[in-house]
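A look at the structure
For reference, the chains in residue letters:
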Amino acid sequence: FVSFFPGAWCAATNNKQQYLQIDFRGMRKVTKVATQGRPGSNDYVETYKLSFSLDGNSFEFHREVRQKVKGKAATTTSSHHMQLVFCKTWDSDLQSCASTFFKIIAFLISWFPLQVFQGNKDGDSTNTNRVLPPFHARYVRVHPQSWNVRICMRLELYGCESTGKDEGNLAS
């Protein structure tokens with residue numbers, strides 16, 4: 001249930017079980033999130049997590065998957081590239097190799113912490129966060145983790161249409 005407050009989505013109850021769900025009605029690659037609080041108020045979300053889904057039933061939380069490269073943070077190598085190296089190394093049939101590979105990757109990624117995004121410091125200013133690494137989804141949920149007064153927010157998600165594949169490696 002949602003309480004009505006003009007100009008923003010506000011949760012009916014202030015607790016960490018609340019979320020705002022977005023249905024893109026098609027596959028999208030999400031690269032950036034911009035948030036604001038309720039205009040003209042002190043109601044805003046200070047921090048939040050993101051989860052995403054292809055089918056609207058099974059959601060996965062976005063994890064901070066980063067590594068250090070020459071002293072700077074960078075996103076990890078794409079799983080598509082890692083799969084090709086892994087499968088060539090093991091020299092096995094591609095389908096069983098891919099299945100094993102994705103089970104290993106899912107296990108390893110589960111060790112990375114859930115990413116907590118910085119939200120707002122007031123009801124009116126905009127805060128923008130890059131989503132690294134970007135994810136592909138039809139459904140996205142925003143899970144407020146901390147807030148000021150009430151859980152209220154305005155939200156914009158940025159990205160592009162997607163096939164669900166890694167578009168970053170078109171040369172192969």
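One can find the structure itself at the top, above this paragraph.
Presented here is a report on the structure given in the accompanying data block. (Residues numbered from 1 in each chain as written. Predicted model: local features only at pLDDT ≥ 70, side-chain atom pairs only at ≥ 80, totals over all residues. Heavy atoms only, no water.)

Quick word on the packing of aromatic side chains
Note the threshold: Any two rings among Phe, Tyr and Trp, with Trp reduced to its six-membered ring, count as a pair given centres within 6.5 Å; such a pair is stacked if its planes are under 30 degrees apart, edge-to-face if over 60, and tilted if neither. In this description a helix means any DSSP run of H or I spanning at least four residues, a strand means any run of E spanning at least two, and both kinds are numbered starting from the N terminus. Whether a charge sits over a ring comes down to the Lys NZ or Arg CZ being within 6 Å of the ring centre and within 35 degrees of the ring normal.
The full count for this structure, using the stated rule, is two aromatic pairs. A ring pair is formed by Tyr 48 and Phe 117, whose centres lie 5.5 Å apart and whose planes are at 15 degrees; its orientation type is stacked. Taken together, the residues Tyr 48 in strand S4 (residues 44-53) and Phe 117 in strand S8 (residues 117-118) connect sequence positions 69 residues apart. Its guanidinium or amino end placed over the ring of Tyr 158, Lys 32 lies 4.9 Å from that ring's centre, counting from NZ or CZ. For the cation-ring pair, Arg 141 lies above Phe 59, with the distance from its terminal atom to the ring centre recorded as 3.7 Å.

Considerations on the pattern of salt bridges
Opposite charge on two side chains lets them pair, provided their charged atoms get close. The condition that has to hold: Just to be clear on terms, a salt bridge is a Lys or Arg side-chain nitrogen sitting within 4 Å of an Asp or Glu carboxyl oxygen. For every residue, the accessible area obtained with a 1.4 Å probe (protein chains only) is divided by the maximum for its type, and the residue is called buried under 20%, exposed over 50%, and partly exposed between those limits.
The full count for this structure, using the stated rule, is two salt bridges. Between Arg 138 and Asp 23 there is a salt bridge whose closest N-O contact spans 2.8 Å. On the criterion of sequence distance, the pair formed by Arg 138 in strand S9 (residues 127-148) and Asp 23 in strand S3 (residues 20-36) is long-range, its members being 115 residues apart. Overall, the relative accessible area of 28% leaves Arg 138 in the partly exposed class. The class of Asp 23 is partly exposed, set by a relative accessible area of 29%. A salt bridge links Arg 38 to Asp 43; the nearest nitrogen and oxygen atoms lie 2.8 Å apart. Each member of the pair Arg 38 and Asp 43 is classed as buried.

A few points about the side chain of Gln 115
The condition is simple: The term polar contact refers here to a pair of N or O atoms within 3.5 Å; inside protein, the definition further demands a hydrogen-donor-capable atom paired with an acceptor-capable atom, and it admits residues adjacent in sequence only when both atoms are side-chain atoms.
Among the structural elements, Gln 115 can be located in the loop between helix H2 (94-109) and S8. A polar contact of 3.0 Å, which involves the side chain of Gln 115, links it to the side chain of His 62.

Digging into the environment of Thr 13
This is how it is decided: Residues are treated as being in contact if the distance between any of their heavy atoms lies within 4.5 Å.
Take Thr 13: it is sitting in the loop between strand S2 (8-11) and S3. The exposure class of Thr 13 is partly exposed, given its relative accessible area of 39%. Each C-alpha atom of the pair Thr 13 and Ile 151 lies 7.9 Å from the other, and the pair is 138 residues apart in sequence. Apart from the residues within four sequence positions on either side, Thr 13 is in contact with Gln 18 and Ile 151.

Observations concerning the nonpolar core
Applicable threshold: Only buried Ala, Val, Leu, Ile, Met, Phe, Trp, Tyr and Cys residues count toward a nonpolar core, and they belong to the same one when joined by side-chain atoms within 4.5 Å.
Counting residues in each nonpolar core, the largest one holds 18 residues, and the members touching the most others are Trp 9, Tyr 48, Leu 50, Val 131, Phe 135, Val 140 and Val 142. Within the residue set of this core, elements represented by two or more residues are S2, S3, S4 and S9. The element contributing the most residues to this core is S9, with five residues. Residue contacts for Val 131: discarding those within four places in its chain leaves Val 30, Thr 31, Lys 32, Val 33, Leu 50, His 62 and Phe 117.

Any link to function would need more than the numbers given here.
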